[in-house]
Amino acid sequence: MSKRLLGLILVLPALAVIVLLFLVPLAASVVGAFVADGRYGLANFEKAFALYTQDIIFTVVIVSFSTFIIGALSTAIAGYLTLGENPRAVAILRWLYRWPMFIPFIVVGQVLRTFLAKNGLMNNMLIGAGLITPMQASGMLDWRGIVIAFVWKQTPFVTLLLAGAMASLDRGTIEAARNLGASRLRILLEIVLPQVATTLVVGLILSFVTMMSVLSVPLMINAQSPTMITADIAFRINAYGDYGVANALGLISLGVTACVAWIYLRQTMKERA
Amino acid sequence: MTALTHSAPSRLRFDLWWLPRGILLGLLAFAIFGPLANLLLWAVTERWYFPHTLPLEYGFSFWARVFSPRGNAMESLTNSVIVAILAVAVSLALAIPAGYALARLKLPLRGLILLVFMIPQAFPNLPVYVNVARLFYEIGLNGTIAGVVLVHVTHGLVFAVWIATAAFAAIDVELEQAARSIGAGPLQTFRDVTLPLAMPGLMASAIFVFLESLDEFTGSYFVGAPDVNMLPLLLYNAGAGGNYQVASITALLLLIPSVGFMLVVERFLKADVLSRVGR
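Quick caveat: nothing in here was measured; it's all calculated off a predicted structure.

Reading the values: the criteria
- Residues numbered from 1 in each chain as written.
- Chains lettered and ligands numbered in written order.
- Predicted model: local features only at pLDDT ≥ 70, side-chain atom pairs only at ≥ 80, totals over all residues.
- Helix = DSSP H or I, 4+ residues; strand = E, 2+ residues; numbered from the N terminus.
- Buried ≥ 20, exposed ≤ 12 C-beta atoms within 10 Å, placed from the backbone.
- Contact = placed C-beta atoms within 7 Å.
- UniProt positions renumbered as here; feature names shortened; annotations may be inferred.
- Axes fitted to C-alpha atoms, helices over the stretch in contact; angles between N-to-C directions.
- Parallel < 35°, antiparallel > 145°, perpendicular 65-115°, else oblique.
- Left-handed = near helix turned anticlockwise from the far one by under 90°.
- Nonpolar A, V, L, I, M, F, W, Y, C, P; charged D, E, K, R; others polar.

## Description of the overall build of chain B
Here comes step 1: Each helix and strand in chain B was counted, giving 12 helices and two strands.
Here comes step 2: Of the regular secondary structure in chain B, the N- to C-terminal order runs α-β-β-α-α-α-α-α-α-α-α-α-α-α.
Here comes step 3: In chain B, buried positions account for 44% of the 279 residues.
Here comes step 4: Here the contacts in chain B between residues at least 6 apart in sequence split such that 75% fall between residues at least 24 apart.

Next up, the structure:
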């Protein structure tokens with residue numbers, strides 16, 4: 001038996017699982033989005049946009065805003081890990097920032113729901129410290145809660161990728177710029193960041209996709225309108241068994257993700273050309 | 001005297017720089033550990049309501065309730081562990097041959113095959129799970145342990161295959177050739193030389209799949225519920241019902257293995273394997 005054939009036979013079972021349990025259902029969701037009452041058409045999309053346009057915009061804005069904050073925070077943390085001059089502060093930061101990374105989204109949802117609530121520990125501590133009065137306390141379990149949950153969970157992941165890329169950079173240019181008197185902020189933004197931009201964008205796109213498909217966080221933190229597309233899909237199925245509109249909403253979220261991936265691909269093409 | 005006046009300002013400057021540093025690190029520590037502290041407090045709370053800053057009464061009565069033999073928490077815990085172990089077994093059974101082939105044998109379109117395993121992580125998976133549930137319903141897999149295991153395997157396979165491929169690629173081919181040249185057959189060589197050397201990497205991929213499975217919510221929600229209860233579903237239902245104690249205890253049960261793994265991951269994933277992941 002040739003090595004090629006043997007190799008294919010060994011890989012085939014694993015590939016079959018992905019095809020049968022992911023690609024086939026994915027195709028079913030795409031086709032299903034165009035079937036309403038047994039006929040092909042755009043009825044599901046009309047209904048989806050009529051009912052959920054606000055939620056679609058809400059989702060795109062929330063996820064984009066979270067992605068932006070994740071990018072800024074991870075750049076700051078990874079930058080300090082790379083350029084920080086105080087070894088003790090760098091060590092503390094390195095130990096500190098990773099904690100949320102392996103905490104599951106469902107736990108993040110529960111943890112932040114109790115922390116950010118009107119009577120949660122955060123407000124209690126602010127009141128205890130005399131910073132606000134009990135009358136001023138307000139919960140953050142709306143769009144802010146979702147953004148905080150996403151940023152809290154995803155920043156360490158992007159930071160880890162980014163710090164890894166920054167650590168493998170050539171120190172020579174950094175030292176040269178520093179000898180010329182450039183500030184560390186300027187070195188980070190003008191020398192380090194352009195060289196690791198691809199890593200940052202890949203990390204942010206992976207986070208974007210993850211956030212687009214998380215169901216537990218919107219369900220646990222903010223299930224009232226406006227909410228995220230994922231919560232709407234779950235609602236359509238649990239309350240109405242309405243697979244058509246659910247699939248249409250799924251395809252819309254796939255479309256949003258595809259747009260982001262396309263922007264990234266075009267960017268890398270331009271860089272290589 | 002001169003030495004003293006020289007050293008004093010520089011030590012003063014050092015201390016002043018710790019002020020902004022300390023404030024920023026303190027804020028970050030608060031942002032990370034504040035919510036976690038809140039979780040720990042809820043897990044040992046008997047009574048706590050607005051406007052009290054801290055719980056009024058501490059105790060473990062909710063732990064007793066969660067771990068009572070009749071409670072549905074034990075059922076969820078058992079289900080979660082069974083599903084996770086089965087998901088690891090199935091994933092490794094698929095990933096060991098696939099990883100070996102991808103690392104050692106000349107495969108056409110090797111890069112593309114590696115990318116295919118990434119697909120379940122790279123697309124929003126909620127619409128897919130919805131249709132998997134529908135498909136499983138038709139063939140009687142919906143609401144069964146086997147159905148949930150299959151969903152978790154699909155999602156975790158990227159870790160299993162990628163890490164297994166890297167683990168096999170990191171092994172020196174000459175060790176296998178040496179075994180073959182002193183008369184070992186291909187299967188014996190694989191069993192006695194290749195597999196033991198790849199074991200730390202395979203352990204790492206097993207732990208990844210185990211944690212993915214333990215923490216997975218969306219697939220279990222659509223394929224498993226309400227027939228197969230899992231820990232994340234219990235957490236969700238307890239939280240939705242306002243029982244923050246049970247929700248927090250469940251969250252803690254899910255959290256401990258995850259954080260524990262974070263602390264030991266570097267022991268299993270050595271740099272030589274890690275640098276080959278995805279290649």
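## A word on the UniProt feature "transmembrane region" (unreviewed entry) in chain B
Residue and element names in this part refer to chain B.
Here comes step 1: Feature annotation in UniProt places "transmembrane region" (unreviewed entry) on residues 21–44, 81–100, 112–132, 144–171 and 244–265, given in this structure's numbering.
Here comes step 2: A helix fraction of 96% and a strand fraction of 0% characterise residues 21–44, whose end C-alpha atoms lie 33 Å from each other.
Here comes step 3: The span residues 144–171 is 89% helix and 0% strand, and its two end C-alpha atoms sit 39 Å from each other.

## Observations concerning the packing of helix H3 (residues 72–104) of chain B against helix H8 (residues 186–215) of chain B
Residues and elements named next belong to chain B.
Here comes step 1: Axis separation between H3 and H8 bottoms out at 8 Å; the angle between their running directions is 140°. Considering the angle they form, H3 stands oblique to H8. Along this stretch, H3 crosses H8, giving a crossing that reads as right-handed. Of the residues in H8, those in contact with Ser80, Val83, Ala84, Ala87, Val88, Ser91, Leu92 and Ala95 of H3 are Leu202, Ser205, Ala206, Val209, Phe210, Ser213 and Leu214.
Here comes step 2: Of the residues contributing to the contact of H3 with H8, the split by class is 11 nonpolar, four polar and no charged.

## Describing the packing of helix H7 (residues 171–179) of chain A against helix H8 (residues 184–195) of chain A
Residue and element names in this part refer to chain A.
Here comes step 1: It is at 11 Å that the axes of H7 and H8 come closest, and there the two elements cross at 145°. For the pair H7 and H8, the crossing hand works out as right-handed. Of H8, the residues touching H7 (which contributes Thr173, Ile174, Ala177 and Arg178) are Ile187, Ile191 and Val192.

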